[in-house]
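The residues making up each chain are set out below.
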Amino acid sequence: MSPNAAALSPDPAAAPASDLLLAEILTGLMAPQKYLYPKYFYDQHGSELFDRICELPEYYLARTEQKILEAHAPRFVRKLGPGIRLVEPGSGSSLKTHVLLEALVAPAAYVPVDISRSHLLAVSDSLVTRYPCIEILPVCADFTQPFELPEPTIPNRRTLVFFPGSTIGNFDRAEAIELMRMMARIAGQDGLVMIGADLRKSPALLEAAYNDAAGVTAEFNLNLLARLNREYGADFDLDAFEHRAPWVEEDSRIEMHLVSRRAQRAHIGGAEIAFEAGESIWTESCHKYDCDQFAAMAAAARLNVREIWMDDERRFSVQLLGVGAGDQHGEQHF
């Protein structure tokens, strides 16, 4: 277990709780190790909190990836030529995407895919204003489930799937491979996938990134319970839980948990959820890789590593993948 459409289809996260979503939540909360999928972080407030996290001094991931993209992506994107359809699953605020959008040559379209309808609408409106010559086709969907891609007005010559932020690390190996297979299907023949992947490094540096001094990550984690209270009629006492994010060496990952400060009970969807003191809800995993591990996952998804960009300290990587068989590490025939 790992906690994890037509343009602007109905938003499953903002609408009244469906039986399916409530059943998914209850399944997690009633498991021996309680869990909630990280997709529930991203309502409007959760998305805003994540943007604040990306600006924190401890959170090296966003800044490092941004610098890597600024150093390498414009040349790469321009080399792809015109008619590119850019698809971004889990687009959020599309902050890093500006580097690609500004370098695209006569693109077919940009397709941001996000679960939070209100946030997606707001971001898409700003993109339409900033890039009037690019067709913006937002899709409200859970990108871990099948969804329909809208067709651009201009036929796309090639599809580039962009998946930054080390979100791939939120999934265990089998889930990550399946997600990469989905990206390969979206990219299609001759398509490309660009994935940001965090690399293994000092546990102290990793733990600091997920336990910031300002407490923004803790607020982000606790907002998940606040959201269940707002949207699903739950009665979680937020003061009775605390955020913890330890490094788990044997699994090469940070785990985010909400830990019960005392024995207590909460209610949601007509069910009662009992907590012992010290019992946790597992809300997110953040796996860290070396390049060989990542290449093996890509190969299992029928993707091949074409090029790897890293910062000088080798803390973070942006990996360029091609669909189908090909040379590993260094093929650059885009």
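Counting restarts for each chain: residues are numbered from 1 in the order of the written sequence. Whole-chain, interface and lining totals are the exception, using all residues; otherwise, since this is a predicted model, local features are given only for residues with pLDDT of at least 70 and side-chain atom pairs are given and counted only at 80 or more. Water and hydrogen atoms play no part in the side-chain values, which are based on all heavy atoms of the structure.

Remarks on helix H8 (residues 216-232)
Here comes step 1: Compared with the 24 Å implied by 1.5 Å per residue over 17 residues, the 24 Å span of H8 between its first and last C-alpha is a close match.
Here comes step 2: Bending is quantified residue by residue as the angle between axes fitted to the seven-residue window ending at that residue and the seven-residue window starting at it. Strands here are runs of E lasting at least two residues and helices are runs of H or I lasting at least four, both read from the DSSP assignment and numbered beginning at the N terminus. Along its length, H8 reaches its greatest deviation from straightness, about 30 degrees, at Leu224.
Here comes step 3: Buried residues dominate H8, accounting for twelve of its 17 residues.
Here comes step 4: If you check which residues of H8 are buried, you get Val216, Thr217, Phe220, Asn221, Leu222, Asn223, Leu224, Leu225, Ala226, Arg227, Leu228 and Tyr232. Take the number of residues in a helix, subtract one, and multiply by 1.5 Å to get its expected span. Remark: exposure states derive from per-residue accessible area (1.4 Å probe, protein chains only) relative to the maximum for the residue type, with buried under 20%, exposed over 50%, and partly exposed in between.

Some points on the confidence of the model for the protein chain
Here comes step 1: Confidence scores labelled pLDDT are given residue by residue by the predictor and lie between 0 and 100. Put simply, the protein chain has an average pLDDT of 90, and 92% of its residues get 70 or more.
Here comes step 2: Counting contacts from residues 1-17, a segment whose pLDDT is below 50, to residues more than four positions away or on other chains yields 61 contacts.
Here comes step 3: Confidence drops under pLDDT 50 across residues 327-334; counting only partners more than four residues distant or on other chains, this segment forms 29 contacts. Whether two residues are in contact is decided by their heavy atoms: any pair within 4.5 Å suffices.

Things to note about the pairing of strand E5 (residues 158-163)
Here comes step 1: Most of E5 is tucked away: six of the six residues are buried.
Here comes step 2: Burial of the side chains of E5 extends over both faces: Arg158, Leu160 and Phe162 are buried on one face and Thr159, Val161 and Phe163 on the other.
Here comes step 3: Across four bridges, the pairing between strand E2 (residues 84-89) and E5 is parallel. What sits directly across from Arg85, in E5, is Thr159.
Here comes step 4: For two strands to count as paired, DSSP must find a minimum of two bridges between them. Of the pairings in the sheet, the one linking E5 to strand E6 (residues 192-198) comprises four bridges and is parallel in character. Each bridged residue has a counterpart across the sheet, and for Phe162 the counterpart in E6 is Met194.

Regarding the pattern of salt bridges
Here comes step 1: In what follows, salt bridge is the name for a side-chain nitrogen of Lys or Arg lying within 4 Å of a carboxyl oxygen of Asp or Glu. As enumerated under the stated definition, the model contains 21 salt bridges in all.
Here comes step 2: Residue Asp237 pairs with Arg262 through a salt bridge whose shortest N-O separation is 3.1 Å. Residue Asp237 is found in the loop between H8 and strand E7 (241-244), and its partner Arg262 is found in the loop between strand E9 (253-260) and strand E10 (264-268); the two are separated by 25 residues along the sequence.
Here comes step 3: Here the salt bridges do not stand alone but share partners, grouping Glu24, Lys39 and Asp142 into one network.

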